[in-house]
Amino acid sequence: MQVETKKLSVGYNKKSLISDIDLGVEKGKIVTLIGPNGSGKSTILKTITRHLEKIGGVIVLDQRNIEKWSNKELAKRMSVMLTERVAPELMTCHEVVALGRYPYTNAFGKLTPEDEAIVMDSLRLVRAEDLAYRLFTQISDGQRQRVMLARALCQQPEVLVLDEPTSYLDIRHKIELLDILQTLASQKQVAVLLSLHEIDLAAKISDWLICVKGDRIKVAGPPDEVFLDEKMCELYNLQTGSYNTLFGSVELTQPKGEPEAFILAGNSMGIPLFRLMQKYGLPFSTGILFENDADSQVARVLSDHVVMAPAFSSINDAHIAQAKQFIDQAPVFVHSGTPIREQNARYIELLEYAKSVKKPVLSRESFIRKLGSGNRKEMT
């Protein structure tokens, strides 16, 4: 392990908040802390980087107790990017990044040509070379985040520790930053330890996840073992809505009441309509969905009225009968536009049944248009 903790306890004023923290980060791997706000992720990272005094336990860097490293030695091996905003007066971005070379410079802090090249390479790596000679105080928060990452990279660390590095970044720069971290880990064999709020991104970038909640590590493991619906709901204490690990997305609270529409869905065509109904607080029924269909993942958390068939099976008479009951109860029938093929050929029976019982049959486009008009009565 490049960095390892054993029975680490962290906290403030000699009072432990989280105990028995055992974690390790190998070269070339990315380990991510996730958990609710205030759960202690930042406290753990600050303790590992010696910004906070540990309460108990051991922190090991490169098989050596971190307490035995001098500040200068530590800075050559570990660089840190924390959430605190910095506002150095009258410093250009180039000068801010150059601070990352201080462990390598002489007593006067003079940069060599090699140091200068490393500064510019670091700026290029985070796609911020165009900011080099602008004042740090006159750029956006997202740009500052990239410059601070460049400063951390300028130290040429073996270990990179980042606390919420995607804060203040738009989606493009979030993706670019995480792509940089993956490159550092895989190509330069840097050990990366970070915390993230965006659990969908954490699932994609991490080799190992550590869930922080309460006074202990709640669970740890590879993403496919940690990112399960029930574990995420428990970790974040979701009382309303739900988290879908398949999509890495959150679904909002399910509308309650009698369905306002039956939606013939499948092949992912129903998801936008389900979410639109939720947005307007309108309950709906839907079917006939196969358990391996993406539509079923969203429908089952946004509606209590779903006709579901086993994956890779055929639609049977019981499914048709249940769907007809839902059609009878709903004031309108909506065809989401899902293609009708061999496996779902019996959808035609449902369409014909809706017409036979005089239900208004709306296309996807007309349904969306009527919902957006604000006059729900127009649907019928």
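Residues numbered from 1 in each chain as written. Predicted model: local features only at pLDDT ≥ 70, side-chain atom pairs only at ≥ 80, totals over all residues. Heavy atoms only, no water.

(A) Just the overall build of the protein, in detail. The secondary structure content of the protein amounts to 14 helices and 17 strands. Computed over its C-alpha atoms, the radius of gyration of the protein comes to 27 Å, more than 25% above the 21 Å expected for a compact globule of 380 residues. Across its three principal axes, the protein shows a C-alpha extent of roughly 90 × 45 × 35 Å. Buried positions account for 50% of the 380 residues belonging to the protein. Contacts spanning at least 24 positions in sequence make up 63% of the contacts within the protein whose residues lie at least 6 apart. (Helix = DSSP H or I, 4+ residues; strand = E, 2+ residues; numbered from the N terminus. Rg over C-alpha atoms; globule rule 2.2 N^0.38 Å. Buried < 20%, exposed > 50% of the residue type's maximum accessible area, 1.4 Å probe, protein only. Contact = heavy atoms within 4.5 Å.)

(B) Just the confidence of the model for the protein, in detail. Per-residue confidence for the protein averages 90 on the pLDDT scale, and 93% of its residues sit at or above 70. Strand β13 (residues 262–264) holds the highest mean pLDDT among the elements of the protein, 98, whereas strand β11 (residues 242–244) holds the lowest, 69. (pLDDT = per-residue confidence, 0-100.)

(C) Looking closely at the sheet that holds strand β1 (residues 3–12). What the four strands build is an open sheet, ordered β2-β1-β4-β5; its pairing is antiparallel. Two strands in the sheet have a free side with no partner beyond their single neighbour: β2 (15–25) and β5 (64–65). Alignment of β1 against strand β4 (residues 56–61), held across five bridges, turns out to be antiparallel. By the bridge assignment, Lys6 is partnered in β4 with Val58. Here helix α1 (residues 41–48) sits on the sheet in contact with β1, β2 and β4, set at roughly 120° to β1. (Pairing = 2+ DSSP bridges. Axes fitted to C-alpha atoms, helices over the stretch in contact; angles between N-to-C directions.)

(D) Here's a closer look at the pattern of salt bridges. This model, assessed by the stated rule, comprises ten salt bridges. Here Lys174 ties to Glu198 by a salt bridge, and the two come within 2.5 Å at their closest N and O atoms. Taken as a pair, Lys174 in helix α6 (residues 171–188) and Glu198 in the loop between β8 (191–195) and α7 (199–205) lie far apart in primary sequence, 24 residues in all. Of the two residues, Lys174 and Glu198, both sit in the buried class. Residues Arg346 and Glu349 are paired through a salt bridge, measuring 2.7 Å at the closest nitrogen-oxygen approach. Looking at Arg346, the relative accessible area reads 23%, which means it is partly exposed. Judged by relative accessible area, which is 33%, Glu349 ranks as partly exposed. One network of salt bridges, with partners in common, ties together Asp20, Asp215 and Arg216. (Salt bridge = Lys/Arg side-chain N within 4 Å of Asp/Glu carboxyl O.)

(E) How the structure looks around the pairing of strand β15 (residues 305–309). Taking burial as the measure, the five residues of β15 include four buried ones, the bulk of the element. Examined bridge by bridge, strand β14 (residues 285–290) and β15 share four bridges and lie parallel to one another. Pairing of Ser285 across the sheet is with His305, part of β15.

(F) Region of interest: the packing of helix α10 (residues 271–279) against helix α14 (residues 364–373). With their axes 11 Å apart at the nearest point, α10 and α14 run at an angle of 15° to one another. Here α10 is positioned roughly parallel relative to α14, judged by the angle of their axes. Both α10 and α14 take part in a crossing whose hand is left-handed. The residues of α14 that touch α10, namely those facing Pro272, Leu273, Leu276 and Met277, are Arg364, Phe367, Ile368 and Leu371. By residue class, the composition of the contact of α10 with α14 is seven nonpolar, no polar and one charged. (Parallel < 35°, antiparallel > 145°, perpendicular 65-115°, else oblique. Left-handed = near helix turned anticlockwise from the far one by under 90°. Nonpolar A, V, L, I, M, F, W, Y, C, P; charged D, E, K, R; others polar.)

(G) How the structure looks around empty space enclosed by the protein. Within the structure shown, the criterion is met by one cavity of 30 Å³ or more. Lining the largest cavity we find Val126, Arg146, Leu149, His173, Glu176, Leu177 and Ile180. For the lining of the largest cavity, the secondary-structure elements that each account for two or more residues are α5 (141–154) and α6. Among the elements that make up the lining of the largest cavity, the one with the highest residue count is α6 (four residues). Class assignment of the residues belonging to the lining of the largest cavity gives a composition of four nonpolar, one polar and two charged. (1 Å grid on protein atoms, 1.4 Å probe; cavity = no way out; pocket = protein on both sides within 12 Å on 5 of 7 lines; lining within 4 Å. Points joined across faces, edges and corners; volume = space filled by probe spheres on them.)

(H) Seen up close, α6. With 18 residues, α6 should reach 26 Å at 1.5 Å per residue; the first-to-last C-alpha distance of 25 Å fits that figure. Residues His173, Lys174, Glu176, Leu177, Leu178, Ile180, Leu181, Leu184 and Ala185 constitute the buried set of α6. Next to the buried residues of α6 lie β3 (30–34), α4 (113–125), α5, β7 (159–163), β8 and α7. Immediately downstream of α6, the backbone of Gln189 shows phi near 60°, a positive value. (Expected span 1.5 Å × (residues − 1).)

(I) Quick look at the packing of α4 against α5. The geometry of α4 relative to α5 is characterised by a closest axis approach of 8 Å and an angle of 135° between their N-to-C directions. Judged on the interaxial angle alone, α5 and α4 are oblique. Like other packed secondary-structure pairs, α4 and α5 cross with a definite hand, here right-handed. On α5, the residues that touch Ile118, Val119, Ser122, Leu123 and Leu125 of α4 are Ala150, Leu153 and Cys154. Grouping the constituent residues of the contact of α4 with α5 by class yields seven nonpolar, one polar and no charged.

(J) Local environment of the pairing of β8. Across the five residues of β8, five count as buried, placing the element largely inside the fold. Of the two faces of β8, the one carrying Ala191, Leu193 and Ser195 and the one carrying Val192 and Leu194 are both buried. Here four bridges tie β3 to β8, and the two strands are oriented parallel to one another. Bridged to Thr32 within β8 is Leu194. Pairing of β7 with β8 involves five bridges; the strand directions are parallel. Looking at β8, one finds that Val159 is bridged to Ala191. Remark: the β7/α6/β8 crossover connection has right-handed handedness. (Right-handed = clockwise from strand over helix to strand, strands pointing away.)

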